[in-house]
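Understanding the architecture of this molecule
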Amino acid sequence: MAIDIGRFMDRFVEEAREHLGRLGAGVAALEAGHADAELINALFRSAHTVKGSSRMLKLTPVTETAHLLEDVLGALREGRVRFDRRLAGALYQGVDAIAAQVDSLAATRDATALPAPAAALCAALAAAAAPDSASDPGNPLQQPAGDAADAPGQAGDGGNAEAARGRQAGIDTVRIRVDKLDELIGLMGEFASSQARVREWAAQAHALERELERGIADASRLPAVHERMRAFGRTLRDGVRTQDMMIGALHERTLVMRMLPLGVIFDSMGRMMRDFARSLGKDVEFVVRGSEIELDRQVIDKLSDPLVHLLRNAVDHGLEPPAARRRSGKAERGRVELVARQDGAHAVIEVADDGAGIDLDAVRDKALARGLIDAGEAAALSEKAVIDLLFLPGFSTAGIITDVSGRGVGLDVVRQTLAEELSGEIGVHSRPGQGMRFVLRLPLSLARLRMLLVEVAGHPFGIPAHGVSEIVRRPAEALLKVAERSAVIVRNEFVPVVALDALLGLPPRPASGGGALLLVLSVRGDKIALRVDALLDERDMVIKPLPAMLAPARFVTGVVETGSGALACVLHAPALFVHARHAGADAPRRAPGGAAGNARRLLVVDDSLNTRELEKEVLEAHGYLVTLAEDGVDGLAKALAEDFDAVLTDVEMPRMDGFSLTARLREEERYRHRPILIITSRERDEDKRRGMQVGADAYIVKGDFDQRSLVETLKTLLA
């Protein structure tokens, strides 16, 4: 009987790639000093397994290369050679050579086309396995010697990142645990049993129909028929609930089968980081955690590029050169972390470094030089607004464009991929002199999401529930006009309101009674409320791709089927959010009140980003220069560091509340007589009295907020 050798080759390719991933990650761990004898044994076993399985299929070039690699690892395990950068370089070369051979086999399925190992590689591996006179037999894991014999791969040009993406792209099969298959088969058995119950329900319905016909002819039968119909209705409802649970379980188990661990992409990053750092003359400790977190392979496929961009940025822009780190008292070796964790139905991935953090002044200067903002706007930009400039297409603070950076095509691609393709979001946190951290939050799977079905202008639309922080209904009189826009107070903060029909270009419908129904979207701490006509449903739904002719549709990422069988467009919440903010007044605005140097300077202190930005917008529109602070401690520090003509503060804030801030400022000579306004949702008389007792000049309740009143009050106090 002929053997289908192609089937075995597919399996070999899959297994070899797993072992190559372990070998790459293992060598990186050895370099980082996180190694022990068992790790070396595991690496040896992986090389040995690749050698043995390739020999079975007569893949001689792979067998020869794996054998040489095994020799090196054997010598290391027995203490005949020591681990140093030269040895690490040889091991990486061996792993890369086998990876190239496996990729060739996957592409051609022709064993005779496999490239033989290069003579130089054979010589390098043989030399690496030769006894090292300087080695200590009792300690095979000596520290890297830092010699010049290191042989990095395609350092600096992202060659290893490209190789990693290539290997990932080649994954067109997934392994499934037998117990997961058993669960699926068991569930299918339950479905087969339930089908028999469905047939029984159909027979009962038919029998009831006949009894009803007889009851119409003989009214004395109707009470009994009615009772049997009620009992049948209860049975049917219970059955539908059971069916729903089974369908949900089936879907969940099916989706689990296409989940892949993040290690698929994480494992290849260590090598890339090592070579890239060395190409820049830097030394980096690369720490990876959370490789076991599983995501849908559709997410995995799109995640590699954003992570490569962020990691390269961390090394190139984040970490200082060794000499600069020495001068600032840091270790020469920088540290970059890639950490993942699961948060409910989402994965949170952090890329952090211990470098210099973002130079906000440099970002402002670059934006000024490029004409993106003017001097007045630059002075008024909040820290968040400055960081947002980094995500503009083509924006870079690099002094020179090189082959590795400076073109400004990194962060904009990251945000675009996260927002438009992965329904995710990205946050940035920077601490001067201590480093920065990018936080990516994305769903574990894109195939099935919790969905809110809403009605707008007579049409149903789906909005992923994870982007909606809450749903509120407010009477018409609760909507405020702030800076020429509608806003509503939600949990002590001003939230701009945007009508979804206007955003989508649909004709508005007459307002119905009962007030405004608002979906509050939250992205990176910023909020906006979408006004919709009705909430139709909320449940887990399978998202289907858009038909090809509708693929470029704005704001739409797919379609879902409603309970009535109609199709509803799924709206892309982050894109809606950005458009709504852009349509409003998110961009920095020039103060109209003449030259910036003559304007009064105000400090606005509030822990709500929305409230800070809205108050800033109102005040800047009247010619004031506004500085923002996110809580009492931040406000006090800025008030003491700079000179402000007036302070506007919320009350309820973390670390220091507005009462304490006001009292503390009154202790300072320069703020003893300057206006301090408290703007809060606390409206009890005792709160107002306390505000006056600590020294506030005005107490404005947010529920009664009127921007004209705020401005007039401020003018009076500053007069």
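Refer to the structure above for everything that follows.
So, here is what we can say about the structure in this document. (Residues numbered from 1 in each chain as written. Predicted model: local features only at pLDDT ≥ 70, side-chain atom pairs only at ≥ 80, totals over all residues. Heavy atoms only, no water.)

**Here's the deal with the pairing of strand β6 (residues 425-431)**
As defined by bridge partners, β6 adjoins strand β7 (residues 435-443) across seven bridges and the pair is classed as antiparallel. Paired with glycine 427 across the two strands is valine 439, which belongs to β7. Taking the residues that link successive antiparallel strands as the turn, the β6-β7 hairpin has three residues, and the phi of glycine 433 there is positive, at about 80°. (Pairing = 2+ DSSP bridges. Helix = DSSP H or I, 4+ residues; strand = E, 2+ residues; numbered from the N terminus.)

**Details of the pattern of salt bridges**
Under the criterion given, the structure shown has 39 salt bridges. Between arginine 85 and aspartate 283 there is a salt bridge whose closest N-O contact spans 3.7 Å. Pair noted here: arginine 85 is in helix α4 (residues 85-108) and aspartate 283 is in the loop between α10 (269-279) and β2 (284-289), with a separation of 198 residues, a long-range link. For arginine 85, a relative accessible area of 22% translates into the label partly exposed. Note that arginine 664 and glutamate 667 form a salt bridge whose closest N and O atoms lie 3.6 Å from each other. Looking at arginine 664, the relative accessible area reads 27%, which means it is partly exposed. For glutamate 667, a relative accessible area of 53% puts it in the exposed group. (Salt bridge = Lys/Arg side-chain N within 4 Å of Asp/Glu carboxyl O. Buried < 20%, exposed > 50% of the residue type's maximum accessible area, 1.4 Å probe, protein only.)

**A look at a nonpolar patch on the surface**
Nonpolar side chains collect at one region of the surface, where Leu212, Ile216, Leu222 and Met229 lie side by side and expose about 350 Å² of accessible area between them. Breaking the nonpolar patch down by element, the ones donating at least two residues are α7 (178-217) and α8 (222-256). With respect to the helices and strands, isoleucine 216 occurs in helix α7. By relative accessible area, which is 65% here, isoleucine 216 ends up exposed. (Patch = residues over 30% accessible without salt bridge, like charges linked within 9 Å, V, L, I, M, F, W, Y side chains within 5 Å. Areas by Shrake-Rupley, 256 points an atom, 1.4 Å probe, with all protein chains shown as cover.)

**Let's talk about the packing of α4 against α10**
In the contact formed by α4 and α10, the axes pass within 12 Å of each other and the chain directions differ by 125°. Classified by the interaxial angle, the pair formed by α4 and α10 is oblique. For α4 against α10, the interelement crossing comes out left-handed. Mapping the contact onto sequence places Arg85, Ala88, Gly89, Tyr92 and Asp96 in α4 and Arg271, Arg274 and Arg278 in α10. Residues of the contact of α4 with α10, tallied by class, amount to two nonpolar, one polar and five charged. (Axes fitted to C-alpha atoms, helices over the stretch in contact; angles between N-to-C directions. Parallel < 35°, antiparallel > 145°, perpendicular 65-115°, else oblique. Left-handed = near helix turned anticlockwise from the far one by under 90°. Contact = heavy atoms within 4.5 Å. Nonpolar A, V, L, I, M, F, W, Y, C, P; charged D, E, K, R; others polar.)

**Focus on the environment of glycine 376**
With respect to the helices, strands and loops of the structure, glycine 376 is situated in helix α14 (residues 375-380). Overall, the relative accessible area of 26% leaves glycine 376 in the partly exposed class.

**Examining helix α2 (residues 37-56)**
For α2, spanning 20 residues, the distance from its first C-alpha to its last is 29 Å, which sits close to the expected 28 Å at 1.5 Å a residue. For α2, the complete set of buried residues consists of Ile40, Leu43, Phe44, Ser46, Ala47, Val50, Lys51 and Ser54. Along the axis of α2, the buried positions cluster into a sector of 155°, meaning they face one direction only. Of the exposed residues in α2, those oriented more than 90 degrees away from the buried face are Ala37 and Met56. Within two residues after α2, lysine 58 carries a phi angle of roughly 60°, on the positive side. (Expected span 1.5 Å × (residues − 1). Arc of directions from axis to C-beta.)

Worth remembering: the numbers are spatial, not functional.
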